[in-house]
Structure formats: C-alpha cells, structure tokens
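# Examination of the molecular architecture
Residues per chain, in single letters:
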Amino acid sequence: MTGISPATLTWWLLELADDVVGLGLLSGTTAAPPLRPPPQVGTLSAVDGVRAPVTTGDPARPAAGGPPATGGLWLDLAADGPHILVAGTTGSGKSDLLLSLLVGLSAHHPPAELAFILLDFKGGASFGHLAVLPHTMSVETNHVGAASLRALSAISAELRRREALFAGLGVSDYPAFRRRRPDVALPRLVVAVDELRVLMDDHPDAGAVLQRLAATGRSLGFHLLLATQRATGAVSGDIRSNLGATIALRTATEQESWDLVGSRDAFHLDASRPGSAILSRAGRAPVAFRASQWAVAAAEPVWRRAGEEAVPAATAASWEAVVEHVRDAYAQGCWPTPAPVVSPALPGVWAPDRSSRRGRDALALIDDASRARHVVWRWPHGSAGNTAWIAEAAGGRELILESVLDVAARGPGGVLVLDGSGETGHPGLPHGHTVLTPDGGDEAAQAAVAALDALADHGGTAVVTGWAGWAGLRVGETYRSFDEELHHWLGTQRGRRVRFAALGGRDLATSRLLLHLPHRFYVPAGTSGEHRLVWPKVIAVEPLPGRAVFVSPDHPEPGIPAQLSFPSRGPARGPAAVSGPASTL
C-alpha cells in the first residue's frame, strides 16, 4: 500500500483485529481441524487390521493409537476390538461418532476388504446416508420387525459358512485365511447397531446371535459396533466379556460412567461440547478426546488474533456431503465388490413372466435370508402341491386367486373351482374352468364330490374359495358333512392324485382342511390382531398386498417372508419384479 509506513500498517491491522474480536466475529479457532477423506480412497488392507481416524492432531505429538505420520487418535477394530461399545446420553454425539467411525473405515479400506451390515433402530435416522456406499451390504431399520431378523439370520449363516471355510483350509483365523487365499474376496464385516436396547427389547432372540458373534467374531473377521444410551440391561455379560474397547460419551449418571470406563469422568463431560468422550481399552489408560468433524471443501480463511498460530477453519460438512464425496471417489475407480451377505428386500409387487418356462408355474418369491438369495417357489403337481392362501380382500386375495387359476390352467388335468365366495365371477379372472357353487345345498355338495372324483382320473387341480359356505353341507343322503367327506377323500389314493388349493380368511385358518395343505401362505395385510389369534406364531412382514409368511415342511414356524405373484395388471404399488432369480424350490 503506497504512502503508508510499515509501522502504521501494523497498527491499523491490530486495531482492525481487535474490532473483529470485540464484535464477536472471531471464528472458533480453538476447535480441532476437521477430518477429511484421504486424497486416494481405499489404500489400506484389512488383513491384519481395520483402522479409522477419530480426531486430527499435532503430527509431532500423536495420540495413543495414531500412526506417527499423521497424529491424532485412530481406532483399529482388530487391535482395539474386536468389538466396540459406544454409550452416551441423548445429545452427547453418539450417532455422529458412529457415522464418523464408519465413514473413516470406508474411506481408507476398499469394499473388497471391508463391508457393513447396519441395523438402525432409530427408524433410519442414523445410517440412512451410508446406504449409497459400496461397502454397505444392508441397512435394516425397525420400521418392520422382520427386517432386523432377516439380517441376523444372514449373519448367522455367514458365521457358519466362514467356520466351514476356515476349517476346510485348516486355518485358525481371518488373517491366516487371507494369506492362504488372497484370491478370495472375503471382507471383514462390521455389524453396527444403533440403538442396541431397542433391538434387544423388540427381538429378545437377537441376543443369542450377538453373543455368538461376539464370541467367535474375532477369528472370523466380524466386528460389532454397538451403540446405546444406557449399557445396563442392554449389553449382556457374555457380550461385555468380548468387548475390546468402550467409548463413553456424556452419561446421565456417575454410576453409568463408573460402569463404562471405571471413573466418573464421563458424567462430567461438557454438555456443550458434543463428541467429547472417554476411550477405555483393555490394558491401557483411558484417553479423553473430542471427535473431530468431517469436511470435504477447502478450509476458508478465518480471523485470528495477532501472534496466534494459524489454524484451518473447522467448517464441517453434512454427512450426506461427506458420504457422497467418498462414494464418488470410489465410483471413479474399478473396485471389486463381494456378493452381499444379506439379500435385497423383496419387491413390493412381483409379476413373473408366464410366457417363460421359469415363470410358468411360479407363485411366490421367497426371501431366503439365511442364504442371501431370493428363491422362486414353483407350484408342485399332485398332492405335493396342496396349498392354502390365508388372506383377506385387502391383502390382495382377488389377485392371488387370479394367479393361482392362471397357473392351474397351465398344468395338466383341468381345473375344478368350488366357488363358495363368488370371487371367481370377477371379469378379470381366467375362464374355461369347471365352476361349482354351494347354492344348491346338499345336492351341490354331492356334485362337488363327484367332480373331484372325476378330476382325479386326469390329475388336475381343485381350487376352493369361501370354505365356510361348503364345509357344513350334507353329502347326498348321508349324515356326513362336506368337510368330513373331503377330509376322508383327500387321504385316499385318488385324492392324492389331485393338486388341492384353498383361498380364504379366518374360516380357512381354523379348519381341519389345513391338515391336508402342508404349504401355507399367511398374508397379514387387511387383518387385525383378532384375526391373527388363530394363526400360528409367524414372523412379522410388511402389511403389503401379497406380502406373506410362508410356512411349509421345509420352512416350519415362524416361517419365511414371501411375495406372492400377481398378474401384470395390478396393483401399481412398489417396484415390480418381472422375472425371478435362478434358484427355485
């Protein structure tokens, strides 16, 4: 600046800085610099460890766990774990710390080395942003009770698979397997749960899976990352005995702090500084820290007092921006991604292609979570295909009936419909079947018995609706009801030549006709708790039209989720899957 002496310029800048401070415009320069995704993602191997930064720091004075080249606090799920508990009261920064750890892990390890199964019991508020990462195999929420159970079933199956895999090679643990078979993509699996107490309250059976995972996870490459507001009552003794580290954010009571980290320090953490925590690791002194925020944009200039050391501005980015940055960085490269351990969710509507050989007799898409696959259920011929569909009108019964009659017409031997509900008169349903109704009373029952006997000569299919309208009719001149007559006939040699199907609601669910129908689909949509009192104890599924629980000799109670096939004409809800996967039942 021409005409101003250096002394005058210095005085002017000092005065200006004092004014900025006096007006409260000074940025919080005491905050630690933010964490940032590395310039090149996916550079670390997970063979011997899996690491994530928690704080930035002075490279000359690295905190415990931080490599000297970078400083700051790092966590290694292998060395510090294998399992970690994060606990803290509402507003302490617990969920943000979980996200920070998961983002840090994903930024430094490629998806072939590390994968996530995320159980979000805050309704999707915690882990929803992470679904777009290539590392994320599954994000399950507590919106539907069955979702978390299917993930836990898949985890149990993967535990058994890895045990057999390692035993077959004669190796004792994950690092040994990776060194023996570097060609096999077997990532370390991080199972993160937020909020653990809600999971345990909603699904007490989940405790057994988590306990087994905690006990055997280290050697098999599994890691638990558990978050809860209060550990007491939510974390069992068996799980605690296998924890390698505990991170206590601010606790609600001193007793909780003592329980978590062996001191009262977590209770006295500053409530105005979320992310402040105490790290307790076995055999080491506790470490106090405050989790750094994440940023993706370049640091902006900030005002500082004269003589103070320049500190980059801690301009934190939203989790959505940080995750998108990491996702985009991986999208620019060619990163192999292992097959998911958890199968995708069932489609909201499933309409198989009837013109193909595979879709010709497909009536359901089964969610076989234990094998991470969807399986097409094809309707067997003869009495091996005897099936019941227990559904109300709001559950899509009309569309289910249309699909059943369509598949039946494509099979051998003709179709006999015993229509006790009048549903087969809908104009959208297939025609050309022999249809009998109970309107003729006892004579109608006698005609139905004769028609069934004739059907047996050709090995056809019989479909009954409105069972209550048929069951009490008397057969001919006898005192036997149609229910009794059919019960006897289905057990004969001729009865076993017919494929028998029944569709109905509560009347069917309570009938002894079910004794002859080993394959059963229970559709909860449109039912009440009172309706379901007569059902067996089955798992919870989404109350969508056609979404069912399949119970059979191969899948006994509590059953397995299924999406029933609908004709292509309806209903227009959810994504439609046109063709099924390779596996069939």
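This text follows the structure it describes.
Below is a short write-up of the structure. Values in this document were obtained by computation on a predicted structure and should not be read as measured data. Here the residue index of a chain counts from 1 through its sequence in written order. Thresholds applied to this predicted model are a pLDDT of at least 70 for local features of residues and 80 or more for the giving and counting of side-chain atom pairs; totals over whole chains, interfaces and linings are not thresholded and use all residues. Only heavy atoms go into the side-chain values, all of them from the structure, while hydrogens and water stay out.

## Points about helix α13 (residues 482–489)
Applied cut-off: Relative accessibility decides the category of a residue: with a 1.4 Å probe and only protein chains considered, values under 20% of the type maximum give buried, values over 50% give exposed, and everything between is partly exposed. Numbering of helices and strands runs from the N terminus; a helix is a DSSP stretch of H or I covering at least four residues, while a strand is a stretch of E covering at least two. Throughout, the arc means the angular range of directions from the helix axis out to the C-beta atoms. Whether two residues are in contact is decided by their heavy atoms: any pair within 4.5 Å suffices.
Among the residues making up α13, those that are buried are F482, D483, E485, L486 and W489. Projected down its long axis, α13 shows its buried positions confined to an angular sector of 165°, all on one face. Where α13 is buried, its residues meet β15 (415–419), α11 (442–456), α12 (467–471) and β18 (499–504).

## Notes on unusual backbone geometry
With omega at 15°, the peptide bond leading from G81 into P82 counts as cis. For A372, which is not a glycine, the phi torsion comes out positive at approximately 50°. In this fold, A372 is placed in the loop between β12 (362–368) and β13 (373–378).

## Structural notes on the pattern of salt bridges
Oppositely charged side chains can pair when the atoms bearing their charge come close. Cut-off, in case you're wondering: Salt bridges are counted wherever a side-chain nitrogen of Lys or Arg sits within 4 Å of a carboxyl oxygen of Asp or Glu.
Under the criterion given, the structure shown has 25 salt bridges. One network of salt bridges, in which partners are shared, links D80, R281 and R284.

## Quick notes on the sheet that holds strand β19 (residues 519–522)
Picture the strands of a sheet paired through backbone hydrogen bonds; they go either parallel or antiparallel. Condition: Pairing between strands is defined by DSSP: at least two bridges between them are needed. The convention used is that axes are lines fitted to C-alpha atoms, helices contributing only their stretch in contact, and that angles between N-to-C directions extend from 0 to 180 degrees.
The 10 strands lie next to each other as β13-β12-β21-β20-β19-β14-β18-β17-β15-β16, forming an open sheet whose pairing is mixed. Each edge of the open sheet carries a strand with a single partner, namely β13 and β16 (434–436). Between one strand axis and the next, the sheet turns by 25° as a mean value, whatever way the strands run. One ladder, built from three bridges, connects β15 with β16; its direction is parallel.

## What to know about the sheet that holds strand β7 (residues 222–228)
Ordered by their spatial adjacency, eight strands build an open sheet running β5-β4-β6-β7-β3-β8-β9-β10, and the pairing between neighbours is mixed. The strands lining the two open edges of the sheet, one partner per strand, are β5 (136–141) and β10 (287–290). Across this sheet, the average inter-strand angle for adjacent strands is 15°, counted without regard to direction. The strands touched by helix α6 (residues 206–220) are β3 (83–87), β6 (188–194) and β7; relative to β7, the strand with the most contacts, the crossing angle is about 135°.

## Side note on the packing of aromatic side chains
The test is simple: A pair of Phe, Tyr and Trp rings is counted when the ring centres sit within 6.5 Å of each other, with Trp represented by its six-membered ring. The angle between the planes then sorts it: under 30 degrees is stacked, over 60 is edge-to-face, the rest tilted.
Summed over all chains, the structure comprises 10 aromatic pairs. Here the aromatic rings of W379 and W389 are separated by 5.7 Å at their centres, their planes lie at 90°, and the arrangement is edge-to-face. Of the two residues, W379 is situated in the loop between β13 and β14 (387–390) and W389 in strand β14; the sequence distance between them amounts to 10 residues. W389 matches W379 in its accessibility class, with the two residues each being buried. An angle of 15° between the planes, with centres 4.5 Å apart, marks the rings of F521 and F550 as stacked.

## Section: empty space enclosed by the protein
What counts, and what does not: Here a cavity is any set of points on a 1 Å grid over the protein atoms alone where a 1.4 Å probe fits but cannot get out, and a pocket is any open set with protein on both sides within 12 Å along at least 5 of 7 lines; a residue lines the site when it has an atom within 4 Å of a point. Grid points are joined across faces, edges and corners, and a volume is the space filled by probe spheres set on the points.
Tallied over the entire structure, the rule returns one cavity of 30 Å³ or more. Taken as a whole, the largest cavity holds about 30 Å³ of empty space. Lining the largest cavity are G91, S92, R250, L269, D270, A271, R273, P274, G275 and S276.

## Concerning the pairing of β12
Of all seven residues that make up β12, seven are buried, and the element is covered over most of its length. Bridge count for β12 against β13 is six bridges, and the pairing is antiparallel. Bridge assignment links I366 to a residue of β13, and that residue is V375. The turn linking β12 back onto β13 is made up of four residues, and A372 within it adopts a positive phi angle of 50°. Relative to strand β21 (residues 560–564), β12 runs antiparallel, the two sharing three bridges. Each residue of the ladder has a partner; that of A364, found in β21, is L564.

## What about the side chain of H433?
Counting through the fold element by element, H433 comes out in the loop between β15 and β16. Residue H433 is classed as buried on the basis of its relative accessible area of 17%.

## Remarks on the pairing of strand β17 (residues 461–465)
The side chains of a regular strand alternate between both faces of the sheet. The buried count for β17 comes to five of five residues, which makes it a mostly enclosed element. Two elements, β15 and β17, share five bridges in a ladder whose sense is parallel. Bridging from a neighbouring strand, L418 pairs with V464 of β17. Where β17 and β18 come together, five bridges link them in parallel fashion. Bridging across to β18, A462 finds its partner in F500.

## What to know about the nonpolar core
Here is the rule we go by: Buried Ala, Val, Leu, Ile, Met, Phe, Trp, Tyr and Cys residues form a nonpolar core when they are joined through side-chain atoms within 4.5 Å.
Grouped together as the largest cluster of nonpolar side chains are 45 residues, with contacts concentrated most on I117, L152, L196, L199, L210 and F222. Residues within four places of F222 in sequence aside, it is in contact with P82, H83, I155, E158, L159, R162, L189, V191, L213 and G217. Listed in part, the 42 residues of the second largest apolar core include L99, F116, V287 and A291.

## Focus: the environment of L490
With respect to the element layout, L490 can be found in the loop between α13 and β18. The buried category is assigned to L490, whose relative accessible area is 5%. For the pair L490 and S383, spaced 107 residues apart in sequence, the C-alpha separation works out to 8.6 Å. L490 has contacts with G495, R496, F500, L513 and H516, leaving out every residue within four places of it along the chain.

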